[in-house]
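Examining the three-dimensional arrangement
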Amino acid sequence: MTRFDATDWRRVSRGLLLLAPLLAFLLVFYIMPFANMIGESFSYWSGDAKTGQGPTLFQYVKTLESARVLRALNRTFGIALNTVVITLLLSYPVAMLLLGVGRRLRTAILLVTFVSLASSLIIRNYGWVVVLADGGAVNSLLMALGLIDAPIRLMYSELAITLGLVHYAMPFMILPIYGTLLRLPPSLREASLSLGGSEWRTFLHVVLPLSLPGVFGGTMLTFAVSMSAFVTPLMLGSPRTAMISQVAAEQLLVQLNFAWGSAIIVVLTVITFAIVAIYAFLLRKVFRADV
């Protein structure tokens, strides 16, 4: 059994000291508020048909019995899944491209990626409003080409929300995949090609399996931000396309029903973590990925 000596303890204590500001920040601004929200979710609201004292599962029962909440959850999962798939299909080629281009072009692509990551989400969503509006660029182009006679309603739809989320999530997908591909030894690909493997077979059997940790990181981040999205569906969607975060925000900020709103947030968090855990388990067991 390995024993810690004085040097090991000093190393651990230095690491904890370096992490102390981050841990304190997370404790005060994340863990404590979330713990308070969990506690609130086990209470009654003054406007509930049923009231009482002490902890109760009433809010969770109401959440799982609410047709509106279940529709919003189903819609949220569908939009998040579509966002992950589309973002992965668009981002993986960009990450591959970054490996093969020259230094200047690679710097330019990375600069655009970081600028997109740093720009305001509201400004980006307003850009999609201009593009997808009835008189926007997409409808104007389609009408000019004679493909449609009247504008198609693209705004305030699940399509608009998905496009906005894909735009927002692409940097979160590109950077982890590119980082993983960058660490792959070029000799692995060269060995596959020298042994008669085609570019496609080399990609499928060498590059893609070894890049799964980056794919996992990117898809996990994209799924998490899509499941919890609020601003994008609020600006690009409508009440018909409300996602679960909007339903929770309505209870918290409009109805002031903190108990039910907290329960909805806790259910969303648990479902998101459960899906990510199952996804990681499948990657480990089925694809033998190191995630």
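Keep in mind it's a predicted model, so treat the numbers as computed, not measured.

Secondary structure summary: the protein chain contains 13 helices and 0 strands in total. When the elements of the protein chain are put in sequence order from the N terminus, they spell out α-α-α-α-α-α-α-α-α-α-α-α-α. Taken along the three principal axes of its C-alpha coordinates, the protein chain extends 75 × 75 × 35 Å. Look at the contacts in the protein chain between residues 6 or more apart in sequence, and 68% of them connect residues 24 or more apart. When the accessible surface of the protein chain is summed, it comes to about 17500 Å², and 70% of that surface belongs to carbon and sulfur atoms.

Enumeration over the complete set of coordinates arrives at 9 aromatic pairs. Members of the aromatic cluster, connected to one another through ring pairs, are Tyr-92, Trp-200 and Phe-203. The ring of Trp-260 is capped by Lys-62, whose NZ or CZ atom sits 4.5 Å from the centre of that ring.

Turning next to the packing of helix H10 (residues 212-227) against helix H13 (residues 258-286). Packing of H10 against H13 brings their axes to within 11 Å, and their N-to-C directions diverge by 165°. By the angle class used here, H10 and H13 are roughly antiparallel. H13 is crossed by H10, and the crossing has right-handed handedness. Note on element contacts: H13 touches H10 through Leu-268, Ile-271, Thr-272, Ile-275, Val-276, Tyr-279, Ala-280 and Leu-283, opposite Val-215, Phe-216, Thr-219, Met-220, Phe-223, Ala-224 and Met-227. Of the residues belonging to the contact of H10 with H13, the class tally is 13 nonpolar, 2 polar and no charged.

The next subject is the packing of helix H2 (residues 58-65) against H13. Direction vectors running N to C along H2 and H13 enclose 65°, while the axes themselves pass 9 Å from each other. Classified by the angle their axes make, H2 and H13 are roughly perpendicular. As for the relative orientation of H2 and H13, their crossing is right-handed in sense. Taken together, the residues of H13 that come into contact with H2 (itself represented by Gln-59, Tyr-60, Lys-62 and Thr-63) are Ala-259, Trp-260, Ala-263, Ile-264, Val-266 and Val-267. Here the contact of H2 with H13 is composed, by residue class, of 7 nonpolar, 2 polar and 1 charged.

Looking now at helix H7 (residues 158-182). Here H7 is 25 residues long and its end C-alpha atoms lie 35 Å apart, about the 36 Å a rise of 1.5 Å per residue gives. The largest bend along H7 reaches roughly 40° and is located at Ala-169, with the proline Pro-171 sitting one to four residues downstream.

Before going further, it helps to examine the side chain of Thr-76. Positionally, Thr-76 belongs in helix H3 (residues 67-100). You can call Thr-76 buried: its relative accessible area is 0%. If sequence neighbours within four positions are ignored, Thr-76 has contacts with Ser-226, Met-227, Met-243 and Ile-244.

The subject of this paragraph is the environment of Ile-161. In this structure, Ile-161 sits in helix H7. When the C-alpha positions of Ile-161 and Leu-234 are compared, they lie 8.8 Å apart, and in sequence the two are 73 residues distant.

What counts as what
Residues numbered from 1 in each chain as written. Predicted model: local features only at pLDDT ≥ 70, side-chain atom pairs only at ≥ 80, totals over all residues. Heavy atoms only, no water. Helix = DSSP H or I, 4+ residues; strand = E, 2+ residues; numbered from the N terminus. Contact = heavy atoms within 4.5 Å. Areas by Shrake-Rupley, 256 points an atom, 1.4 Å probe, with all protein chains shown as cover. Phe/Tyr/Trp six-rings, centres within 6.5 Å; stacked < 30°, edge-to-face > 60°. Lys NZ or Arg CZ within 6 Å of the ring centre and 35° of its normal. Axes fitted to C-alpha atoms, helices over the stretch in contact; angles between N-to-C directions. Parallel < 35°, antiparallel > 145°, perpendicular 65-115°, else oblique. Left-handed = near helix turned anticlockwise from the far one by under 90°. Nonpolar A, V, L, I, M, F, W, Y, C, P; charged D, E, K, R; others polar. Expected span 1.5 Å × (residues − 1). Bend = angle between axes of the 7 residues up to and from the residue. Buried < 20%, exposed > 50% of the residue type's maximum accessible area, 1.4 Å probe, protein only.

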